[in-house]
Amino acid sequence: MKAVLFDMFGVIARLQSPASKAALHRAAGGDRDRFWQAYWTQRAPYDRGDVDGPGYWAAVFAQLDQPLDERRTADLIAADLASWSEVDEEAVALLGTLADRGVTLGLLSNIPEELAVRYEATQPWLHRFAVRGLSCRIGSAKPEPAAYWWCIRELGLPAEDILFVDDRPDNVHAARELGLLGLVFTTVEALRDVLEEAPA
C-alpha cells in the first residue's frame with residue numbers, strides 16, 4: 001500500500017445528523033418521505049456538477065410538484081450545506097499522522113460545488129491530500145468507474161497499491177472491481193489499526 005484514497009462524508013466528515021435533517025425538511029416543508037425521495041433521486045447530477053444549487057432544488061421541487069421561489073431556494077441551500085459541514089476531528093488527526101509518515105493521501109468525494117467551496121474555505125486539512133477528486137469537478141461520481149480511474153491516474157500508482165476507504169459497501173465494491181484495495185469504514189480506531197498493520 002503506497003496511498004490511501006479517502007471518501008469524505010461518513011469517514012472524515014460526518015453524515016447528516018437527525019437535527020440537521022430535520023432543519024432541512026423544515027425549510028422544504030411538505031411530506032417527509034416524499035421530500036427525501038426527491039432529495040436523493042435528484043442528487044447525482046448536483047454531485048457531478050451538471051447543475052448548480054438552484055438548479056438542483058428546482059428539480060427536487062419539480063418532482064414534488066411544489067412551487068419554489070428565490071428565498072426558499074437560498075434557505076434550502078444554506079440548510080443543506082450546514083447539514084454536511086460537521087467534521088470528525090479524530091479522523092482529521094489521523095490524516096496528519098499518515099501524512100507525517102509519508103503516506104500519499106487522496107480524496108474521492110461525491111460533493112456539489114457549493115459544498116466544495118465551503119470546505120476549501122474552512123478546512124485547511126484538505127491540503128493534506130495530494131489528489132482531490134471532487135465529483136463536481138471531475139464530472140463523475142462514485143460508484144461510476146470514471147471517478148476511481150481519475151484518482152488512480154492522478155495518484156500515478158497502480159490500482160493495487162491504493163487503499164480506498166469508504167463507509168458505503170457499494171462504493172468499496174466498485175473500487176475493488178477496478179483493482180483497488182478496498183476497506184469499508186466503521187470507526188477511526190478500526191481504520192487506524194488496519195493502517196498500522198498494512199505493509200508499506
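Before reading on, note that the structure itself is shown above.
Structure report, in brief. Owing to the predicted nature of the structure, the values given are computational and were not obtained by experimental measurement. (Residues numbered from 1 in each chain as written. Predicted model: local features only at pLDDT ≥ 70, side-chain atom pairs only at ≥ 80, totals over all residues. Heavy atoms only, no water.)

Along its length, the chain carries 11 helices and 5 strands. Against the compact-globule benchmark of 16 Å for 200 residues, the chain has a radius of gyration of 17 Å, which places it among compact chains. Taking the principal axes of the C-alpha coordinates as reference, the chain spans close to 55 × 30 × 30 Å. Per-residue burial for the chain yields a buried fraction of 47% across its 200 residues. Accessible surface, the chain: about 9600 Å² in total, of which carbon and sulfur atoms supply 51%. Positive and negative side-chain charges of the chain, numbering 20 and 31 respectively, have mean locations separated by a distance of 2 Å. (Helix = DSSP H or I, 4+ residues; strand = E, 2+ residues; numbered from the N terminus. Rg over C-alpha atoms; globule rule 2.2 N^0.38 Å. Buried < 20%, exposed > 50% of the residue type's maximum accessible area, 1.4 Å probe, protein only. Areas by Shrake-Rupley, 256 points an atom, 1.4 Å probe, with all protein chains shown as cover. Lys, Arg positive; Asp, Glu negative; His and termini not counted. Charge placed at Lys NZ, Arg CZ, Asp CG, Glu CD.)

Here we take up the environment of Arg 118. Take Arg 118: it is sitting in helix 7 (residues 113-122). The spacing of Arg 118 and Gly 53 is 65 residues in sequence and 13 Å in space, taken between C-alpha atoms. Apart from the residues within four sequence positions on either side, Arg 118 is in contact with Leu 81, Ala 82 and Ser 85. (Contact = heavy atoms within 4.5 Å.)

Here we take up the pattern of salt bridges. If charged atoms from side chains of opposite charge come close, those side chains can pair. Taken as a whole and assessed by the stated rule, the structure comprises 14 salt bridges. As a salt-bridge pair, Arg 168 and Asp 170 come within 2.9 Å of each other at their nearest N and O atoms. A residue is classified by how much of its surface remains accessible, and Asp 170, at 36% relative accessible area, is partly exposed. Connected via shared salt-bridge partners are Asp 7, Lys 142 and Asp 166. (Salt bridge = Lys/Arg side-chain N within 4 Å of Asp/Glu carboxyl O.)

Glancing now at the packing of aromatic side chains. This structure, assessed with the given rule, holds 16 aromatic pairs. Seen in terms of ring centroids, Phe 9 and Trp 84 are 5.4 Å apart; in terms of plane orientation they differ by 70°. Their pairing is edge-to-face. In this pair, Phe 9 sits in the loop between strand 1 (3-6) and helix 1 (18-28) while Trp 84 sits in the loop between helix 5 (70-83) and helix 6 (89-100), placing the two residues 75 residues apart along the sequence. With respect to burial, Phe 9 and Trp 84 carry one shared label: buried. (Phe/Tyr/Trp six-rings, centres within 6.5 Å; stacked < 30°, edge-to-face > 60°.)

One finds Phe 6, Ile 12, Trp 57, Tyr 119, Trp 125 and Phe 129 to be the most contacted residues of the largest nonpolar core, which totals 49 residues. Sequence-distant contacts of Tyr 119, that is, excluding residues within four places in its chain, are made with Met 8, Phe 9, Ala 13, Trp 84, Ser 85, Glu 86, Val 87, Trp 125 and Leu 126. (Core = buried A, V, L, I, M, F, W, Y, C linked by side-chain atoms within 4.5 Å.)

A word on helix 2 (residues 32-41). Within helix 2, the full set of buried residues consists of Phe 35, Trp 36, Ala 38 and Tyr 39. Across the axial projection of helix 2, the buried residues extend over an arc of 165°, all falling on one side. Across from the buried face of helix 2, at angles greater than 90 degrees, the exposed residues are Asp 33 and Gln 37. Tucked into the core, helix 2 has its buried residues touching helix 1, helix 3 (43-47), helix 4 (53-64) and helix 5. By the N-cap criterion, in which a side-chain oxygen at the helix start approaches the backbone nitrogen of a residue two or three places on, helix 2 is capped by Asp 31, the distance to Asp 33 being 3.2 Å. (Arc of directions from axis to C-beta. Polar contact = N/O pair within 3.5 Å; in protein donor to acceptor, adjacent residues only side chain to side chain.)

Between helix 6 and helix 11 (residues 188-197), the shortest axis-to-axis distance is 10 Å and the interhelical angle comes to 15°. As far as their axial angle goes, helix 11 and helix 6 are roughly parallel. Of the two possible hands of crossing, helix 6 and helix 11 adopt the one that is right-handed. Contact residues: Glu 90, Ala 91, Leu 94 and Leu 98 in helix 6; Val 188, Glu 189, Leu 191, Arg 192 and Leu 195 in helix 11. (Axes fitted to C-alpha atoms, helices over the stretch in contact; angles between N-to-C directions. Parallel < 35°, antiparallel > 145°, perpendicular 65-115°, else oblique. Left-handed = near helix turned anticlockwise from the far one by under 90°.)

What follows deals with a negative patch on the surface. Together, Glu 189, Asp 193, Glu 196 and Glu 197 give the surface a local cluster of negative charge. Note that Asp 193 resides in helix 11. (Patch = residues over 30% accessible without salt bridge, like charges linked within 9 Å, V, L, I, M, F, W, Y side chains within 5 Å.)

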